[in-house]
Amino acid sequence: MITDPAFTVTPWTLRERELNLDVLPQSESIFALSNGHIGWRGNLDEGEPNGLPGSYLNGLYELHPLPYAEAGYGYPESGQTVINVTNGKLIRLLVDDEPFDLRYGTVRSHERELDLRAGVLRRTCEWVSPAGRAVRVRSTRMVSFRQRAVAAIAYEVEPLDSQVRVVVQSELAANEEVPRIAGDPRVAAALESPLRPEERFAEGTRLRLIHSTTRSALRLAAAADHRVAGPIGTTQVSAESSEDVSRLTVTSVLELGQRLRLEKFVAYGWSATRSLPALRDQADAALVGARDTGWTGLLDQQREYLDDFWERADVEVDGDTEIQQAVRFGLFHVLQTGARAEERAIPAKGLTGSGYDGHTFWDAETIVAPLLSFIAPKAAAEVLRWRRNMLPAAQDRARQLGFAGAAFPWRTINGDEASGYWPAGTAAFHINADIADAVVRYVAATGDDAFERDTGLELLVETARLWRSLGHHDHAGAFHIDGVTGPDEYSAISDDNTFTNLMAQANLTAAADAAERHPRHAAALGVTDEETAAWRDAAAAMTVPYDHDLGVHEQSAGYTRHQVWDFAGTDPGDYPLMLHYPYFDLYRKQVVKQADLVLAMYLRGDAFTPEQKLRNFAYYEPMTVRDSSLSAYCQSIVAAEVGHLELAYDYLAESALMDLEDLENNARDGLHIAALAGTWTALVAGLGGMRLFRGESIRFAPRLPEALSRIAFRLMFRGRRLRVEVKRGSATYTLSDGKPLEVLHFGKPFTLTSDAPVTRPIPEPPSHPPLRQPPGRAPLRRQLPS
């Protein structure tokens, strides 16, 4: 528990009351703004001091070699890393020739506020220069949801005690120096000056820089225009440009009561194919649109967009103000990550930082896309269309590995495998079933048959073909998938990983079912009746390891016979284990980095009985160390389902506060987008007990921990807007609009219409003895401030 939080706890804002340079990198991630296409880290306007400068365009990357001590067949030859593109948020200030730099002079006050309803970052600072000149600086920053290529800043400076002469320098700056942090595989590769200059421009109030990357051959354009308002007669404007810096300089003399105001409009564009003139025109056109809309118009558009979003997606939590703030913070950042991605990926850190090299992993489809399916379904569809666009590379990879179908990369930006460590990369074939699962969940949540026919079907078919060629039948007819790695990265190259097998089983069945629903399109993909029958046969014969002596499912075949990790002898400072122990030792012991079989019990809950879920959860809980931010949300969901409500609440808090309290000590590199999405899932699927059920039905089994008196959540389901309110003894279901809906409440169906809400009682939860976790790895008990 944080007794003195770094951020003021309010329902709709995140306010930093003073600047702490020691945690500046973390705050830059938290205050990042994005729309899924453009990402601006929350760096200070003046650029320095900084922790990690960051301006990103989704999908723009550079290639770099992947060196190997010993080469092997099928190893990726090059990796991809996100790069810091042209910085359009730089606004430097000089006060009587002294730089506005918070490391010098006196900071009287400094406050930053992320407004989750307005979609802006506000900053107010009162500063006294070393020479004694006091000024107040205000800025408001936004990345537009409505105008995809546009970001904007309003910047004001005013004197506080005497006349001052000010110089404001608004810049576009490329090839900023990025710090190097060695020894942590979660940190991005730093590339020296990755952008080659191609064109520069500065005239009047307009600026432009065009650069390209060397190896990936991508071109990007950044352009800016300004509106300047200052005292008449003393305010002057000039512009200049060099290869990597294009600058507008504004000078003015300000008397007490006067202000200098700068409105800066920035537009970006990038392409792998468009010519330099075409890209120049693209950025300039976006800039004209932004300037015509104006600063106030952009703010109005932003608020309207977010009003509609919160109307269909808000979650209310009574009894814990920190969780209330955190879940809205998480939803806002998930929206920022996917809102305007438009056939681009969902990186693990979104566009908030360069962690994990800007790569996309399996959690995009397993955690983020299902959430978007219920609150921003168009964004979920775009993520899956990006996967569809990557199919040719995945098919090539499968052929290289000797398989049919498509083998999607473990980590990537451009569709090619970028992991040089195959036991936890290529061998993690479950990503293919995760993508298929996201397709199934999206279609179930939206009823989008056209998407299933035109996009989803091919993804299902090609991943099913992979599973049928990757697995095999034994002499007794059982189907096995050997030599793969599941979600738990402390266990690798296992036979019959239960999560992988169950997800592959669902993938095979879903592909066969979709092919039957769309026979003409399936035939165009070469699908035959014999092939779908083979998929169904493999699914029906799928091996699911079970230890009859212990009465639990095995994470993989033989897993429960492995030696248990020496948890008592592990120093608390040795977590995460991957940074302090060899993988060889981890792979041969019973120690779980992140929920694996427990995740299977959530995503494939139909494959387990309630009694099996309870026993399995109790068995794996004492060996799950949560060295991954992807674990707590899932453990919260299953803990709630089996009746450990207080533990579910503790894990919910861990997921919710992952970045706000920097629990993994790497928020400096960007936020954990999947953990933020998992917070919603832990509330809605965990405490709310939501599951999809047989086509157009949806079921709930809600229960609350002692600390919470009420939760309420909204979601979209097949064109309807649904609201669920859970109190201590009852749940109320409201259909805002749309056709009648069948809802199951603790397994009992009723029909919900828009005419009137329906309230049902909540049965008493079961009582179980508390579970133990590895020593030192129990979640912090959620103790609310008195």
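Notes on the structure follow. All values reported here derive from a predicted model rather than from experimental measurement.

**Observations concerning the overall build of the protein**
When its secondary structure is counted, the protein shows 17 helices and 35 strands. If you line up the protein on its principal axes, its C-alpha atoms span 90 × 60 × 60 Å. Evaluated residue by residue, the protein yields a buried proportion of 62% over its 786 residues. Intrachain contacts of the protein at a sequence separation of at least 6 include 68% that bridge at least 24 residues. Only carbon and sulfur atoms are counted for the fraction: they give 48% of the accessible area of the protein, which is about 28,600 Å².

**Here we look at helix α15 (residues 632-642)**
With 10 of its 11 residues buried, α15 lies for the most part within the structure. Taken as a whole, α15 has its buried residues at Ala 632, Tyr 633, Cys 634, Gln 635, Ser 636, Ile 637, Val 638, Ala 639, Ala 640 and Val 642. Gly 643, located one to two residues past α15, shows a positive phi value of around 110°.

**Here we look at unusual backbone geometry**
Cis geometry marks the peptide bond from Glu 48 to Pro 49; its omega dihedral reads 0°. Relative to the assigned elements, Pro 49 resides in the loop between β4 (38-40) and β5 (55-57). Here the bond from Tyr 575 into Pro 576 is cis, since omega is 0°, no more than 30 degrees from zero. At Glu 342, a position not held by glycine, the phi torsion is positive, near 50°. In this fold, Glu 342 is placed in the loop between α3 (321-338) and α4 (363-375). Even without being a glycine, Arg 718 presents a positive backbone phi close to 50°. Along the chain, Arg 718 falls in the loop between β30 (710-717) and β31 (720-727).

Procedures and definitions
Residues numbered from 1 in each chain as written. Predicted model: local features only at pLDDT ≥ 70, side-chain atom pairs only at ≥ 80, totals over all residues. Heavy atoms only, no water. Helix = DSSP H or I, 4+ residues; strand = E, 2+ residues; numbered from the N terminus. Buried < 20%, exposed > 50% of the residue type's maximum accessible area, 1.4 Å probe, protein only. Contact = heavy atoms within 4.5 Å. Areas by Shrake-Rupley, 256 points an atom, 1.4 Å probe, with all protein chains shown as cover.

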